Amino acid sequence: MSFRDKFSEFSHLGTDWQRVLTRGVLMLVIGVTLIALTIFKPNVMLFHVRDTSWFPVCGFVLLAVGLLECFDALIAKELKDFFLNLQNGILDVVVAVLLVLSSGDDPVRLSLLIAAFLMIKGIFRIIISYAINSANVTATRIGAGLSILFGLFIWMQWPSSAAWFLAFCLSSEIALRGWATLTLALWLQSQQVPE
């Protein structure tokens, strides 16, 4: 069995496509809502801290997504799925905890962490999209490419290094992952054999 064939067998995953669809829709809606809030009300004060924009909320959403990925690792039926979900979940949880605990500090201090996080997540999703034999990898590749681009923008501090831009990029990452998860759920649905 080739490397690609090992990853294309998601029918053995035991993943309920409806649960994946629900998660994808929620992530997409929350991400788009945070994008709109970041654009239209960038200077909001949360948790009695100024100049953080929607940064702490993005951290809490990322924490919830990371914990869900860790849960997916616990219920995985195969070892490869366990490690795939666990490493994604741990990365999300660690970065989210750092974001939430540092919400009272200057958010620019965490800009390199966020840039690295976005680039790592984007690169990882592109690699996985080439390993999976799916018809719906275009959404994943576009979202991953945009995450890498946002990571580069944060690293170059262009167009801004303000908290609102960091929150915008994190919100975009959440929305793009929701979009990719949504397309994965639709693909999982199409892979199910009718009984």
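Structure first, text after, so check above.
Let us look at the structure shown here. The shown structure was predicted, so the numbers you read here are calculated from the model rather than taken from an experiment.

1. What to know about the environment of Arg19
1) Next: Structurally, Arg19 is set in helix H2 (residues 17–40).
2) Next: On a C-alpha basis, the gap between Arg19 and Ala185 in space is 8.2 Å, while along the polypeptide they are 166 residues apart.
3) Next: Beyond its immediate stretch of four places on either side in the chain, Arg19 contacts Asp72 and Ile75.
4) Next: Among the polar contacts made by the side chain of Arg19, one reaches the side chain of Asp72 at a distance of 2.8 Å.

2. Considering the nonpolar core
1) Next: The biggest cluster of nonpolar side chains holds 29 residues, and the ones touching the most others in it are Phe55, Leu99, Ile114, Leu118, Ile154, Cys169 and Leu170.
2) Next: Of all the elements in the fold, those that place two or more residues in this core are H2, helix H3 (55–75), helix H4 (79–101), helix H5 (111–131), helix H6 (137–156) and helix H7 (163–191).
3) Next: For this core, the leading source of residues is H7, giving 8 residues.
4) Next: In this structure Leu170 touches Phe55, Cys58, Leu99, Ile114 and Phe117, once residues within four positions along its chain are discounted.
5) Next: In terms of nonpolar packing, the next biggest core, distinct from the first, is built from 8 residues, Val20, Leu84, Trp187 and Leu188 among them.

3. Description of the state of the cysteines
1) Next: Summed over all chains, the structure comprises 0 disulfides.
2) Next: Cys169 provides the cysteine sulfur closest to Cys58, a residue in no disulfide bond, and the two sulfurs are 9.9 Å apart.
3) Next: On the basis of relative accessible area, Cys169 is assigned to the buried category, the value being 0%.

Rules of the game
- Residues numbered from 1 in each chain as written.
- Predicted model: local features only at pLDDT ≥ 70, side-chain atom pairs only at ≥ 80, totals over all residues.
- Heavy atoms only, no water.
- Helix = DSSP H or I, 4+ residues; strand = E, 2+ residues; numbered from the N terminus.
- Contact = heavy atoms within 4.5 Å.
- Polar contact = N/O pair within 3.5 Å; in protein donor to acceptor, adjacent residues only side chain to side chain.
- Core = buried A, V, L, I, M, F, W, Y, C linked by side-chain atoms within 4.5 Å.
- Buried < 20%, exposed > 50% of the residue type's maximum accessible area, 1.4 Å probe, protein only.
- Disulfide = S-S within 2.5 Å.

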